[in-house]
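What follows is the residue order along each chain.
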Amino acid sequence: MTETMELRRRDYHVERPLLNQKQLEELGRWGSATGTRRLRTWLQCSHARARALLLQHLPVLAWLPRYPVREWLLGDLLSGLSVAIMQLPQGLAYALLAGLPPVFGLYSSFYPVFIYFLFGTSRHISVGTFAVMSVMVGSVTESLAPDEDFLQFPNSTVDEAARDAARVQLASTLSVLVGLFQVGLGLVHFGFVVTYLSEPLVRGYTTAAAVQVFVSQLKYVFGLHLRSSSGPLSLIYTVIEVCRKLPQSVVGTVVTAVVAGTVLVLVKLLNDKLQRHLPLPLPGELLMLIGATGISYGVGLKHRFGVDVVGHIPAGLAPPVAPSPQLFTKLVGNAFTIAVVGFAIAISLGKIFALRHGYRVDSNQELVALGLSNLIGGFFQCFPVSCSMSRSLVQESTGGNTQVAGAISSLFILIIIVKLGELFQDLPKAVLAATIIVNLKGMLRQFADVCSLWKANRVDLLIWLVTFVATILLNLDLGLAVAVVFSLLLLVVRMQLPHYSVLGQVPDTDIYRDVAEYLEAKEVPGVKVFRSSATMCFANAELYSDALKQRCGVDVDYLISRKKKLLRKQELKLKRLQKEKLQKQTAASTCTSVSINVNTSDGDIESNNVEGSKAKQASTESKLEDAAANGQEDAKAPDASTLKALGLPQPDFHSLILDMGALSFMDTVCLKSLKNIFRDFQEIEVEVYMAACHTPVVAQLEAGQFFDASITKQHLFASVHDAVIFALQHPRSNQVSPVLVTKL
């Protein structure tokens, strides 16, 4: 049975006609839609399209009416409560990172979450405060509203109320600007911008941001009062200042931070051990907040041991406040950076969960949803938010199915803001700092990427290292800019160094592979097949042409220049011979004397002289015309300008096939380069064909007027094999036997 199947496989044979581009278009009836038709389709209005647009931009209307209450509500309820338990301590802690009073972290955990519930497309990400975003906001608030600007004389104390008011205005205005950027980019379908933030870049950036967050919390751990520093090398200056002021540390603050951190680590280890047995993880952060607040209030940590506490937390929601347009010019650069970073983190996590659970996340709608969360939140004194990896994992692992879990968590935070927030006034800041540092564990583990990338891809490792070092040294905004520019430059360099190969045919197949990689792949005699692994564009068109000429083994430029020189010499020699011939004929005609009769009269003599001169002139003109005609016939001789006739070496192939399968678009430089390739190789008597061109490329070739009398669509083929067969059947010189064509 097996032998029979093998014989059938061996006897399997497919025949089809050769197809060039013109024949393919006729067979498939190719035709592109006109611009008017596309515009009319885009502007077409109907009830179904209006409904589709509404559901696209307000996704909650699509999934909420079909929400399976019995199956999903309990899981979403438990998930929402679990996330809210994490939102509370993180909101209070990350507000400190942003340089703001803790209550504004609670505001940022309520408004944006509910807005995302209405407009978001991801079911599992938890929108709200995030360490990286908070530290970026903190770098802005501390640089534009430093403590030095609010010193009170004569005792040089800081007016904290005025400072906090200024920073809140900066943060809320920044949130509005970030939202405007994100909504605008989403509406113009600019969601693809995140593709330029590769995974090594994002992971290197978040690792550096985690280090920034860790360093920023050292002042709360040791109870130090540091000068606010921003800009390049600010992290280095902060570390140096912390080391210098370590002897001034408050012992009570250090002990509080160490105890809180140790308890949190033990609770997390316990959760990992009992993960299979516990229906919900133990809320270590919430228990820590409640316990630390009770101990601080009962023992009097602030008054007896000098431990800084959170302080006054106003109850109730703050009224909306308009942003300050005067600050837009100062914040626009930072706002764009924060908008891109926040979206990159959110869409990365969103796509991970979408692939895991089998649904689709719309990147452009995610931009709009995140932008509206920041935009509306900015009017209610929130700072810019994104999504948290730790909370998103908790939301998924505790049974969350939709953003109903997010809505439940935001309602829980609302209850805390309205009624319970003031109970946490005695919470030590050192506990919040310990909570932040312990939660950085996941991002600090990304240092292991260095070892894995060293083994997998060292170019990606280079991107990771440059991103990390630039972010550490230049701060978060400039570090991201340097990382993106470096990544794009590296992309350009890699595009300019593609893999060029000459293809050969694998025996008994119509498959063509690199002859340097496949030992059995053999070049077809008389035909060169050339391929580039990257698309051809203005950045590498000249390199493509140079590599083509080098791989073909023929010095094309030298042959063309030698041919032109020899033809020019041949032309000059021909002109010189013609001139010498005319001179000899003229001399011979002047030496020929006219027979004169001495007995004739004077009138007869004059008459004979005139007639003789006219005859001589007519004879000379006819000889000139004959010489010119002979010269033209010599110039038009078929073998006079060939390489063989000129004594130049001929290429060992008569046809060149360019495999254009990797070509995705065509620019003007590429068009000119291809025309030059056709012209140069035709000059040395090699016919050029292109194979496997995609339809958009063919359309761009037509639009760029690539085709003319010497280059037609018959030079384009559906596949490399078709082009090879055609080239063998129509060689410039009869170097290939029909037997070879039959074998192919």
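Please refer to the structure placed before this passage.
Below: a short report on this structure. Positions within a chain are numbered from 1, following the residues in the order the chain's sequence is written. Only residues with pLDDT of 70 or above have their local features reported here, since the model is predicted, and side-chain atom pairs are shown and tallied only from 80 upward, although totals for entire chains, interfaces and linings are computed over all residues. Computation of side-chain values covers all heavy atoms of the structure but excludes hydrogens and water.

1. Re the nonpolar core
Within this scheme, the nonpolar core is defined by two criteria: the residues are buried Ala, Val, Leu, Ile, Met, Phe, Trp, Tyr or Cys, and they are joined through side-chain atoms within 4.5 Å. Residue burial is assigned from relative accessible area. The probe radius is 1.4 Å, only protein chains are included, and a residue is buried under 20% of its type maximum, exposed over 50%, and partly exposed in between. Counting 105 residues, the largest nonpolar core has Leu-88, Tyr-107, Val-132, Leu-174, Leu-289, Leu-427 and Leu-432 as the members making the most contacts within it. The element that contributes the greatest number of residues to this core is helix H17 (residues 328–357), accounting for 14 residues. Not counting the four nearest positions on each side in its chain, Leu-88 is found in contact with Leu-106, Leu-286, Leu-289, Ile-413, Ile-416 and Phe-424. Leu-559, Leu-643, Phe-678 and Phe-681 belong to the second largest nonpolar core, which has 39 residues in total. The helix and strand labels rest on DSSP assignments: H or I over at least four residues marks a helix, E over at least two residues marks a strand, and numbering proceeds from the N terminus. Here a residue-residue contact requires only that any non-hydrogen atoms of the pair lie within 4.5 Å.

2. Here we look at the pattern of salt bridges
Definition used for salt bridges: Asp or Glu carboxyl oxygen within 4 Å of a side-chain nitrogen of Lys or Arg. Scanning the model with the defined rule gives 15 salt bridges in all. Across the pair Lys-575 and Glu-571 runs a salt bridge, and its minimum N-O distance is 3.7 Å. Here the residue Lys-575 and the residue Glu-571 both occupy positions in helix H26 (residues 556–591), the gap between them amounting to 4 residues, near one helical turn. The class for Lys-575 is partly exposed, based on a relative accessible area of 48%. When its relative accessible area of 43% is taken as the criterion, Glu-571 is described as partly exposed.

3. Overview of a nonpolar patch on the surface
The patch calculation keeps residues exceeding 30% relative accessible area without a salt bridge and links them within 9 Å when they carry like charges or within 5 Å when they are nonpolar (Val, Leu, Ile, Met, Phe, Trp, Tyr). Per-residue accessibility takes into account occlusion by the displayed protein chains alone, with areas from the Shrake-Rupley method and a 1.4 Å probe. On the surface, a nonpolar cluster with roughly 490 Å² of combined accessible area is contributed by Leu-233, Ile-236, Tyr-237, Ile-240, Val-469 and Leu-473. For the nonpolar patch, the secondary structure elements donating two or more residues are helix H13 (234–245) and helix H24 (458–496).

4. What about helix H21 (residues 429–439)?
With respect to burial, H21 is a largely interior element, 9 of its 11 residues being buried. Those residues of H21 that sit buried are Ala-430, Val-431, Leu-432, Ala-433, Ala-434, Thr-435, Ile-436, Val-438 and Asn-439. Its buried side turned inward, H21 meets helix H6 (69–97), helix H11 (199–216), helix H12 (218–222), helix H14 (251–273), helix H15 (284–299) and helix H22 (441–444).

5. Considering the sheet that holds strand S7 (residues 526–532)
At least two DSSP bridges between two strands are required for those strands to pair. Pairing in this open sheet of 6 strands is mixed, and the strands run S6-S5-S7-S8-S9-S10 from one edge to the other. Each edge of the sheet is formed by a strand with only one pairing partner; in this case those strands are strand S6 (512–514) and strand S10 (716–717). Packed onto the sheet, helix H29 (residues 668–683) meets strand S8 (653–659) and strand S9 (687–691) and runs at close to 145° relative to S9. Angles run from 0 to 180 degrees between N-to-C directions of axes, and those axes are lines fitted to C-alpha atoms, restricted for helices to the stretch in contact.

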